[in-house]
Amino acid sequence: HVGNTYDPAVTQANAQYMVGLIQRNDFHSEADAYSSWDKCAQKGHAGCLNIMANAHITGKGGQSVDIPTAINMHLTVFHSGARFHCAAAYSSRSIARIEHFTGVPAPEGDKLDWLQKAYGLMDKVPVTGQRNNACDRSSAEVEEFLFRLGRGERRGGAVGADRGAG
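In terms of regular secondary structure, the protein is built from seven helices and zero strands. Beginning at the N terminus, the succession of helices and strands in the protein can be written as α-α-α-α-α-α-α. Here the protein, with 166 residues, has 39% of them falling under the buried criterion. Taking contacts inside the protein between residues at least 6 apart in sequence as the whole, the part at least 24 apart equals 47%. Accessible surface, the protein as shown: approximately 9,500 Å² in total, 53% of it carbon and sulfur.

Next up, the structure:
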């Protein structure tokens, strides 16, 4: 039941997310895992929405390949902002990748716009402990460099080859 615990993080959707992890990792039952994640995605759980959106890109877990559904799921997570830590930033990056690799235009801007949106979300996520690479920002920066390189843009400073090295 929703709201019947002393801890607001204890929800049916969070339990279904964790059950999916156990089903996949411990019981090696991918079909059951995706069934659990589909149920919590329907409840709006950001992690499950990300998993199911990616499954609709690859067909993993027996999901139908459906790029518009994947984009819509990622948009739902993106619009949640930093509420769910890195989930929205990951969805923003996924939208950029969908455009890049499938050619399906991203809504509300192109792939580089979506990376900029991801950076904005990353900046809102609190950095904890020794971690200074919130939401895997360095990988997003590499993706941005590669996307720009694919457009024929070459900028100095980020990669040794652009500065004249090796």
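Glancing now at the confidence of the model for the protein. Put simply, the protein has an average pLDDT of 87, and 86% of its residues get 70 or more. Helix α4 (residues 67-78) holds the highest mean pLDDT among the elements of the protein, 97, whereas helix α1 (residues 12-25) holds the lowest, 94. Long-range and interchain partners of residues 157-166, a stretch whose pLDDT sits below 50, account for ten contacts in this model, where long-range means more than four residues apart.

Conventions and cut-offs
Residues numbered from 1 in each chain as written. Predicted model: local features only at pLDDT ≥ 70, side-chain atom pairs only at ≥ 80, totals over all residues. Heavy atoms only, no water. Helix = DSSP H or I, 4+ residues; strand = E, 2+ residues; numbered from the N terminus. Buried < 20%, exposed > 50% of the residue type's maximum accessible area, 1.4 Å probe, protein only. Contact = heavy atoms within 4.5 Å. Areas by Shrake-Rupley, 256 points an atom, 1.4 Å probe, with all protein chains shown as cover. pLDDT = per-residue confidence, 0-100.

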